[in-house]
Amino acid sequence: MKVYDWIIVGGGITGAALGYELCRQGLSVLILEQHPTLEGATRYSYGGLGYWSGKSRLTRVLCQEAREIYQNLSEELETDTQFRELDLLLTIDFKDDFEQLAADYARFATPPTWVSVEDACALEPLLNRNAIAGAFTVRHGHIHPGKTTQGYLKAFRRCGGEIQIARVLELVRSSDAIKAVKTVAATYHTANTVVCAGGLSRSLLKASGIPVYLYFTHEEMIETPRVDIKLQTIVIPADTKRFQLEQQASTKSVEHLWDEPGHELIPPILDAGAVQFLDGSLRMGQLSRVLSDPSATIAPEKGEAEIRTQVGKILPALEKLPGTWHHCLVAFSNTGLPVVGSFSGVEGVYIFSGFTNPLVCVPPLAKRFANWVQGQEDEIIANLSPAN
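So, how was this worked out
- Residues numbered from 1 in each chain as written.
- Predicted model: local features only at pLDDT ≥ 70, side-chain atom pairs only at ≥ 80, totals over all residues.
- Heavy atoms only, no water.
- Helix = DSSP H or I, 4+ residues; strand = E, 2+ residues; numbered from the N terminus.
- Rg over C-alpha atoms; globule rule 2.2 N^0.38 Å.
- Buried < 20%, exposed > 50% of the residue type's maximum accessible area, 1.4 Å probe, protein only.
- Areas by Shrake-Rupley, 256 points an atom, 1.4 Å probe, with all protein chains shown as cover.
- Polar contact = N/O pair within 3.5 Å; in protein donor to acceptor, adjacent residues only side chain to side chain.
- Pairing = 2+ DSSP bridges.
- Core = buried A, V, L, I, M, F, W, Y, C linked by side-chain atoms within 4.5 Å.
- Contact = heavy atoms within 4.5 Å.
- Phe/Tyr/Trp six-rings, centres within 6.5 Å; stacked < 30°, edge-to-face > 60°.
- Axes fitted to C-alpha atoms, helices over the stretch in contact; angles between N-to-C directions.
- Left-handed = near helix turned anticlockwise from the far one by under 90°.
- Nonpolar A, V, L, I, M, F, W, Y, C, P; charged D, E, K, R; others polar.
- Parallel < 35°, antiparallel > 145°, perpendicular 65-115°, else oblique.

S.K.: Describe the overall build of the protein chain, and please don't skip the residues or the numbers.
M.R.: The secondary structure content of the protein chain amounts to 11 helices and 17 strands. A compact globule built from 388 residues should have a C-alpha radius of gyration of about 21 Å, and the protein chain, at 21 Å, falls within 12% of that. Over its C-alpha atoms, taken along the principal directions, the protein chain stretches across nearly 65 × 45 × 40 Å. Evaluated residue by residue, the protein chain yields a buried proportion of 55% over its 388 residues. In the form shown here, the protein chain has an accessible surface area of approximately 16800 Å², with 49% of it arising from carbon and sulfur atoms.

Now the structure itself:
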């Protein structure tokens, strides 16, 4: 009977990067991923790298490490991550509190600069100058999240890692330890299991009697094929409602509702924005719904219409472009930080999920995690651990 050093549940950017870093330590690693092609939050990400956005010492360290990693990641993984830098435009609505926004952005490691409507439209000619009161701008990293993840997975295989396409049913618990992972077709034995399943992480751990302050939203976005229109920047609102939603949806007053299907905990929000990839395709959205059931059915018509209308107000040329509506789960925690580390009272099980800023935080934290499990002390991992 083969016993892996590590089994990773989930093959998105979190599982792929972590699997690669663990394999580089000489460990035997199996990734279990239910989809044969990339799906979920990684697949439908904007691809942004906000490594200017660190506020605390912890996040500033991770952002700086991420920036250094991405400079050489294409070469390391032997793949084109499509890493580049471009202008991020954070559009200001007429109803926004400008002074409050300016104070909030001043707290970042690299504070965005305010620009007038005229200057914003010079940076992004597709903007509707009548729809904004100005903007903040900052240089922003960008990658292709799908190609980057596939690069990690290929490098993982080159290091000796294994991948099985299978849906995980449960973590097999024996007394106070997780000893195996059961899928639809087989049971895999392991010394250690790390859950990188994004929005499904909470329910998977709960089924094994392991509580975690981890949550999820149902996200909706539209993806277009290659178009002739050229978006020069990444455009998102300066007043990003997503962060407020995460705070409201993870308070103690609604905690009990997360384990009962059928609840919409708070009203949905829409952060109307768009990004264009190097192949000419666009992704625009993003509508977030807080539904307690991860398998809830989302009808596309209403969400797609709302996304198109709101994006069209800011970027009129995008409103009627041909495109396909998509839906996925996005995980978050109750602290605004990822949940990374071990659990109290249960051995052999770890968590690596809840990334609000995943493409920035995942690569440096994957390196740190791999060193930490090999015995190296890490203050950042300790601060993110659910055992604390």
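S.K.: How would you explain the environment of Thr251 if you had to name every residue and give the values?
M.R.: Within the fold, Thr251 resides in the loop between helix 8 (241–249) and strand 13 (269–276). For the pair Thr251 and Asn334, spaced 83 residues apart in sequence, the C-alpha separation works out to 7.3 Å. For Thr251, the side chain forms a polar contact with the main-chain oxygen of Gln248, separated by 3.4 Å.

S.K.: Please set out unusual backbone geometry residue by residue, giving values where relevant.
M.R.: At the junction of Gly285 and Gln286, the peptide bond is cis and its omega measures out at 10° in the coordinates. Following the sequence through the fold, Gln286 ends up in strand 14 (residues 282–289). Although it is not a glycine, Glu78 adopts a positive phi angle of roughly 60°. Among the structural elements, Glu78 can be located in the loop between helix 3 (57–77) and strand 4 (84–91). For Gln82, which is not glycine, the phi torsion reads 60° and is therefore positive. Among the secondary structure elements, Gln82 is positioned in the loop between helix 3 and strand 4. Classification of Gln82 as buried rests on a relative accessible area of 14%.

S.K.: Pulling in residues and values, what's your account of the pairing of strand 10 (residues 187–195)?
M.R.: Strand direction decides the pairing type here: strand 1 (residues 3–9) and strand 10, joined by 6 bridges, are parallel. The partner of Trp6 across the bridge, within strand 10, is Asn192. The pairing of strand 9 (residues 177–183) with strand 10 spans 3 bridges and is antiparallel. Paired with Val181 across the two strands is Tyr188, which belongs to strand 10. Between strand 9 and strand 10, which pair antiparallel and follow one another directly, the connecting turn spans 3 residues.

S.K.: Account for the nonpolar core, naming residues and giving values.
M.R.: Leu18, Leu22, Val194, Phe352, Leu365 and Phe369 are the most contacted members of the largest nonpolar core, which has 45 residues in total. Those elements that place two or more of their residues in this core are strand 1, helix 1 (13–24), strand 2 (29–33), helix 3, helix 6 (145–158), strand 17 (346–353), helix 10 (358–373) and helix 11 (379–384). Discounting chain neighbours no more than four positions away, the residues touching Leu365 are Leu62, Pro338, Val340, Phe352, Phe355, Ile380, Ile381 and Leu384. In this structure, Val117, Ala274, Leu315 and Leu318 belong to the second largest nonpolar core, which totals 25 residues.

S.K.: Account for the side chain of His218, naming residues and giving values.
M.R.: Within the secondary structure, His218 sits in strand 11 (residues 214–223). Separated by 2.8 Å, the side chains of His218 and His327 make a polar contact. When neighbours within four sequence positions are excluded, His218 is seen to be in contact with Leu287, Ser288, Arg289, Leu291, Asp293, Pro294, Ala296, Ile298, His327, Cys328 and Leu329.

S.K.: Describe the packing of aromatic side chains, with residues and values.
M.R.: To describe a pair of aromatic rings, you give the distance between the ring centres and the angle between the ring planes. Under the counting rule described, the total for this entry stands at 18 aromatic pairs. Where Phe352 meets Phe369, the ring centres are 5.9 Å apart and the plane angle is 75°; that geometry is what we call edge-to-face. Taken as a pair, Phe352 in strand 17 and Phe369 in helix 10 lie far apart in primary sequence, 17 residues in all. By relative accessible area, Phe352 is classed as buried at 0%. Aromatic rings pair up to connect Trp6, Tyr350, Phe352, Phe355, Phe369 and Trp372 into one cluster.

S.K.: So what's going on with the packing of helix 1 against helix 10? Residues and values would help.
M.R.: Orientation of helix 1 relative to helix 10, taken along the N-to-C sense of each, is 35°, at an axis distance of 9 Å. As for how helix 1 packs across helix 10, the hand of that crossing is right-handed. The segment helix 1 lies against helix 10, with Ile13, Thr14, Ala17, Leu18, Glu21, Leu22 and Arg24 engaging Leu359, Val362, Ala366, Lys367, Phe369, Ala370 and Val373. Its residues placed into classes, the contact of helix 1 with helix 10 shows 10 nonpolar, 1 polar and 3 charged.

S.K.: Describe the packing of helix 3 against helix 6, with residues and values.
M.R.: Where helix 3 contacts helix 6, the axes come no closer than 9 Å and their chain directions differ by 50°. Here helix 3 lies oblique to helix 6, going by the angle between them. Crossing hand, helix 3 versus helix 6: left-handed. Within the contact between the two elements, helix 3 uses Leu73, Glu76 and Leu77 and helix 6 uses Thr148, Gly151, Tyr152, Ala155 and Arg158. A class-by-class count of the residues in the contact of helix 3 with helix 6 yields 4 nonpolar, 2 polar and 2 charged.

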